[in-house]
Amino acid sequence: MATETTICELSNHVGQTVTLRGWLYNSRSSGKLLFLIVRDGTGLCQCVLEKTDANAEMFQQARRLGQESSLAVTGCVRVDERAPGGHELALSDVQVIQAVEGYPITKKAHGVDFLMKHRHLWLRSRRQWAIMRIRSTLVDAIRRFFNDRGFVLIDTPIFAPSAGEGAQTLFEVDYYGEPVYLAQTGQLYVEAALMAHRKVYCFGPTFRAEKSKTRRHLTEFWMVEPEIAFAELDDVIALAEDFVCALVERVLAERRPELELLGRDPAALERITKPFYRLTYGEVVELLRGERVRARFEADLAAARTRVAELQRTIKEKEAERAAPGVKKWKAEKLAREILAAREELAEQEEAVRNIPHHMELAANFEWGSDLGGSDETVIARLHDRPVFVTHYPAACKAFYMKRNADDPRVANCFDLLAPEGYGEIIGASQREDDLAALLERMEEEGLDPTPYQWYLDLRRYGTVPHGGFGLGVERTIAWICGLKHLRETIPFPRMMGRLYP
RNA sequence: UCCCCGAUAGCUCAAUUGGUAGAGCGAGCGGCUGUUAACCGCUAGGUUACUGGUUCGAGUCCAGUUCGGGGAGCCA
């Protein structure tokens, strides 16, 4: 009986005969030689079966196995440079658990809609496999960061009784005949628990019913929200800085192969060290209206235009080459793939050319007092190679519970953290208003009925202290760390506007 | 709510601009002793999203509908 092992352990078994159980990822046959690429959840392994007089039947059976057939393979582990990963299995036995025919996700390209409809199977693909492993590590790093520092985990409710601000972005559900809402944040509850434990955090799904169909939006996403007592804005900033550094460090330490598989340059992440950049909202307004931002936009626009011209030329050339007489089939196919990729990029670059002038105008005419738009955040982040704290937004465009700045009452003691490379906001944070009268005043300004908030106001009546915290969006953080264009790949089963299956 | 783009074989895409719907992958069969999304040959596979219109003739043009992609607003 051969030892059973997994692919990630193979290097410890060189020269031994072992059994792997897994799924057929791909196979190639070369006459009397058969390559089975097996995945077992821990990695991929090339398995080689040589046809002999004795194993002819097994060879035939194995050769016909379809993608994703489940099987157990036994063979001798050997080092071979030609094998992906450096190790391969010289097979002596193949046991079929289930022979599969017609697995929908094939080796060639698929469209987004098709893949999303087959998300339950798409998860088996290498890129998705890598992303989920990074997500798992990131989530563990989040929990460990807070647990190691004496934070107490507080699970906050998902049914929320009051609409509060932005009722149109809440999902309403029927709660024994009463309308209640799926939580957008656990923050108010975490503040209550804070006064019991001094340092707390909540971590769970949150829900936004925004009618946004973009790569930056999900209707269900995960957020971690720490809250600390006896703290002012600078303490929250310091915590956020340590936290983000710890997350990146951990992923770099444990998931380098996965990052590599995703084509993510680790150097961009290795740069993520303290201190991050700090800008006040007022400085950002100046920046947006100033020369540097204009130059950045103009450079981006020029680059996009050049690229559009380049791509158009490339596509034409490749199309001519493909249509030329006597082109080999494989060559034509390769060209077709390249043309497709070029067209996709062309569409993106053309979109950029269309949008940038509008973004420039928005930035140039930006007025003090409004919230930063997506394009504003992007350009600020593009100007920096490390995350940027934007602090002290106008109080009027932020939530009622944020504490006003003592020196400049127009602004709140709050910040957003913008991830670099144009990824934008991953953290929203503030020092909380700890004074009862000031809090009531802010609620009145926002037109909020204090009745359902009496429990929250109690926190200011009985032992109020300066405190604050932040919320980090897990999916946006994963997208940034993995270098992904779209949030839908960062969560196993994304929920988006108009998409609920599987 | 608004703007742009798209829907052709199971999948990814072609169709010389209104004139006989094709290719690759996948599936099936055959060949090949080191493949790297292998390669080569053969076979099967279609109500061109739906409804209507223009035309001798519509995948192609027009109108509407549905679904999807991207973006704006708004948000995290």
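Being a predicted model, the structure only gives us computed values, none of them experimental.

K.L.:
Just to check I follow, could you spell out the overall build of chain A for this structure?
P.N.:
When its secondary structure is counted, chain A shows 15 helices and 17 strands. Along the first, second and third principal axes, the C-alpha atoms of chain A reach 90 × 55 × 50 Å. Expressed as a percentage of its 502 residues, the buried residues of chain A come to 45%. A sequence separation of at least 24 residues applies to 68% of the contacts in chain A between residues at least 6 apart. If you sum the accessible surface of chain A, you get close to 25200 Å²; carbon and sulfur atoms cover 51% of it. Positive and negative side-chain charges of chain A, numbering 67 and 74 respectively, have mean locations separated by a distance of 9 Å.

K.L.:
Is there a simple way to think about a nonpolar patch on the surface in this case?
P.N.:
Among the surface-exposed residues, Phe 159, Tyr 175 and Tyr 176 lie close enough to one another that they form a single nonpolar patch of about 400 Å² accessible area. Looking at the secondary structure, you find Phe 159 in strand β8 (residues 159–160). Since its relative accessible area comes to 46%, Phe 159 is described here as partly exposed.

K.L.:
Looking at this structure, how should I read the nonpolar core?
P.N.:
One recurring pattern in soluble globular proteins: nonpolar side chains tend to sit buried together. Ranked by size, the top nonpolar core spans 62 residues in total, and within it Ile 142, Ile 427, Phe 470 and Leu 472 carry the most contacts. When residues in this core are grouped by element, the largest group, twelve residues, is from helix α6 (residues 233–254). Excluding residues that lie within four positions of it along the chain, Leu 472 makes contacts with Ile 142, Trp 222, Met 223, Val 224, Phe 243, Val 244, Leu 247, Ile 426, Ile 427 and Thr 477.

K.L.:
How should I be thinking about a positive patch on the surface in this particular structure?
P.N.:
Among the surface-exposed residues, Lys 32, Lys 51, Arg 63 and Arg 64 lie close enough to one another that they form a single positively charged patch. Tracing the chain through its elements places Lys 32 in the loop between β2 (17–29) and β3 (33–39). Taking the relative accessible area as the measure of exposure, Lys 32 reaches 62% and is therefore exposed.

K.L.:
Quick question: what am I supposed to make of the protein's contact with RNA strand B here?
P.N.:
Looking at RNA strand B, there are 50 residues lining it, with Asn 26, Lys 107, Glu 210, Arg 215 and Glu 425 nearest. Backbone atoms, meaning sugar and phosphate, form 58% of the atoms of RNA strand B found within 4 Å of the protein. At 2.7 Å, a backbone N or O of Arg 82 approaches a base nitrogen of RNA strand B. At 2.5 Å from a sugar or linking oxygen of RNA strand B is found a side-chain nitrogen or oxygen belonging to His 110.

K.L.:
Any chance you could explain helix α9 (residues 281–289) here in plain terms?
P.N.:
Three or four residues apart is the spacing at which side chains of an α-helix point the same way, because the helix has 3.6 residues per turn. Those residues of α9 not exposed but buried are Tyr 281, Val 284, Val 285, Leu 287 and Leu 288. The arc that holds every buried residue of α9, seen down its axis, measures 165 degrees, which confines them to one face.

K.L.:
Before we go on, may I ask you to explain empty space enclosed by the protein in this structure?
P.N.:
Remark: the empty space left among the atoms is shown by a probe the size of a water molecule rolled over them. Applying the stated criterion to the full structure yields one cavity of 30 Å³ or more. Taken as a whole, the largest cavity holds about 40 Å³ of empty space. Lining the largest cavity are Met 116, Arg 119, Phe 493, Pro 494, Arg 495, Arg 499, Leu 500, Tyr 501 and Pro 502. The class makeup of the residues in the lining of the largest cavity is six nonpolar, no polar and three charged.

K.L.:
Would you mind showing me how to read the sheet that holds strand β10 (residues 178–182) here?
P.N.:
Each strand in a sheet pairs with another by means of backbone hydrogen bonds, the pair being arranged parallel or else antiparallel. An order of β8-β10-β9 is seen for the three strands of this open sheet, with the pairing classed as antiparallel. Because the sheet does not close on itself, it has two edges, and the strands there are β8 and β9 (172–175). Alignment of β9 against β10, held across four bridges, turns out to be antiparallel. Looking at β10, one finds that Asp 174 is bridged to Pro 179.

K.L.:
Can you help me understand the packing of helix α4 (residues 126–148) against α6 in this one?
P.N.:
Viewed as axis vectors pointing N to C, α4 and α6 meet at an angle of 140 degrees, and their least axial separation amounts to 9 Å. Here α4 is positioned oblique relative to α6, judged by the angle of their axes. Crossing angle aside, the handedness with which α4 passes α6 is right-handed. Between α4 and α6, the residues in contact are Ile 134, Thr 137, Leu 138, Asp 140, Ala 141, Ile 142, Arg 144, Phe 145 and Phe 146 and Leu 239, Asp 242, Phe 243, Ala 246, Leu 247, Arg 250, Val 251 and Glu 254, respectively.

K.L.:
Would you explain the packing of aromatic side chains in this entry?
P.N.:
Here the distance between the centres and the angle between the planes together describe a pair of aromatic rings. One pass over the structure, following the stated rule, counts 19 aromatic pairs. Between the aromatic rings of Tyr 189 and Trp 455, the centroid separation amounts to 4.8 Å while the plane-to-plane angle is 20 degrees, which identifies the pairing as stacked. Of this pair, Tyr 189 sits in helix α5 (residues 187–197) while Trp 455 sits in helix α14 (residues 454–461), and the two are 266 residues apart along the sequence. Exposure remark for Tyr 189: the relative accessible area of 26% places this residue in the partly exposed category. Overall, Trp 455 belongs to the partly exposed group, its relative accessible area being 32%. An aromatic cluster is built from Phe 145, Phe 146, Phe 151, Tyr 201, Phe 243 and Phe 470, whose rings are joined through pairwise contacts.

K.L.:
Explain the domain arrangement of chain A here, please?
P.N.:
Size of an interface: often given as the accessible area lost when the parts come together. Along its sequence, chain A is carved into domain 1 (3–98), domain 2 (114–276 + 386–489) and domain 3 (294–361). One C-alpha centre belongs to domain 1, the other to domain 3; they are set 41 Å apart.

K.L.:
I keep staring at the pattern of salt bridges and nothing clicks. Help me out?
P.N.:
Pairing is possible between side chains that carry opposite charge, provided their charged atoms lie close to one another. Throughout the structure, instances matching the rule amount to 36 salt bridges. Across the salt bridge formed by Arg 144 and Asp 140, the nearest N and O atoms sit 3.2 Å from each other. One end of the pair is Arg 144 and the other is Asp 140, both in helix α4 and four residues apart, which spans about a single turn. Overall, the relative accessible area of 29% leaves Asp 140 in the partly exposed class. Salt bridges sharing partners connect three or more residues here, namely Asp 140, Arg 144, Arg 250 and Glu 254.

K.L.:
Would you explain the side chain of Asp 376 in this entry?
P.N.:
As for its position among the elements, Asp 376 is in helix α12 (residues 374–382). For the buried residue Asp 376, which engages in no salt bridge, the nearest side chain bearing the opposite charge is Arg 289, 11 Å off. In this structure Asp 376 touches Leu 288, Ala 363 and Phe 366, once residues within four positions along its chain are discounted.

Each value, and the rule that gives it
- Residues numbered from 1 in each chain as written.
- Chains lettered and ligands numbered in written order.
- Predicted model: local features only at pLDDT ≥ 70, side-chain atom pairs only at ≥ 80, totals over all residues.
- Heavy atoms only, no water.
- Helix = DSSP H or I, 4+ residues; strand = E, 2+ residues; numbered from the N terminus.
- Buried < 20%, exposed > 50% of the residue type's maximum accessible area, 1.4 Å probe, protein only.
- Contact = heavy atoms within 4.5 Å.
- Areas by Shrake-Rupley, 256 points an atom, 1.4 Å probe, with all protein chains shown as cover.
- Lys, Arg positive; Asp, Glu negative; His and termini not counted.
- Charge placed at Lys NZ, Arg CZ, Asp CG, Glu CD.
- Patch = residues over 30% accessible without salt bridge, like charges linked within 9 Å, V, L, I, M, F, W, Y side chains within 5 Å.
- Salt bridge = Lys/Arg side-chain N within 4 Å of Asp/Glu carboxyl O.
- Core = buried A, V, L, I, M, F, W, Y, C linked by side-chain atoms within 4.5 Å.
- Near = heavy atom within 4 Å.
- Polar contact = N/O pair within 3.5 Å; in protein donor to acceptor, adjacent residues only side chain to side chain.
- Arc of directions from axis to C-beta.
- 1 Å grid on protein atoms, 1.4 Å probe; cavity = no way out; pocket = protein on both sides within 12 Å on 5 of 7 lines; lining within 4 Å.
- Points joined across faces, edges and corners; volume = space filled by probe spheres on them.
- Nonpolar A, V, L, I, M, F, W, Y, C, P; charged D, E, K, R; others polar.
- Pairing = 2+ DSSP bridges.
- Axes fitted to C-alpha atoms, helices over the stretch in contact; angles between N-to-C directions.
- Parallel < 35°, antiparallel > 145°, perpendicular 65-115°, else oblique.
- Left-handed = near helix turned anticlockwise from the far one by under 90°.
- Phe/Tyr/Trp six-rings, centres within 6.5 Å; stacked < 30°, edge-to-face > 60°.
- Domains from an automatic or database assignment.

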